[in-house]
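# Commentary on secondary and tertiary structure
Below, each chain spelled out in residue letters.
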Amino acid sequence: MKKIFLFIFLSVIILGLSGCGNKNSTERYDEILKSFKDAVDWQLKVTDPSACKNNEQGDVEIAHRFKILDDVLIDNGYLKKSDMLDVDKKSYCKAYAETDCDGDELVYKTYLRCKDFTTAGYVE
């Protein structure tokens, strides 16, 4: 009886600890995405404000859609490479943002790929 109780007790502890790892991973991915989004916001502040403009019919259209890559943000000093460090502390996550127009405002959607995590819609 003591062996069964000990087995159940140890199993609960091990499962509990592995659950904590998932929470820490999720928090780290949230941190990575926040750092990336902050860098994208900073980059967009220097982007041509006429990227979204009215066409001849008066409809707003984007002059050109573009991707903002994590490597470019790092090279330009908007993002630190260490901000993209994955939870394993060995590999680095990759991210990009795709721009579009919402009315006359330039907006973006971010995508992230890490060793064990990928946001929906991420394309290599």
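Let me begin by describing the structure that accompanies this report. (Residues numbered from 1 in each chain as written. Predicted model: local features only at pLDDT ≥ 70, side-chain atom pairs only at ≥ 80, totals over all residues. Heavy atoms only, no water.)

With respect to topology, four strands assemble into an open sheet ordered S3-S4-S5-S6, the strand pairing being antiparallel. At either end of the open sheet lies a strand with only one pairing partner, and these are strand S3 (67-69) and strand S6 (117-118). Inspection of the sheet shows strand S4 (residues 94-102) paired to strand S5 (residues 105-114) by nine bridges, in the antiparallel sense. Looking at the pairing, Asp102 lines up with Glu105 of S5. (Pairing = 2+ DSSP bridges. Helix = DSSP H or I, 4+ residues; strand = E, 2+ residues; numbered from the N terminus.)

For the rest of this paragraph, the subject is unusual backbone geometry. Most peptide bonds take the trans form, and the phi angle of most residues other than glycine is negative. Non-glycine residue Lys89 carries a positive phi angle of around 60°. Within the secondary structure, Lys89 sits in the loop between helix H2 (70-75) and S4. Given a relative accessible area of 65%, Lys89 falls into the exposed group. (Buried < 20%, exposed > 50% of the residue type's maximum accessible area, 1.4 Å probe, protein only.)

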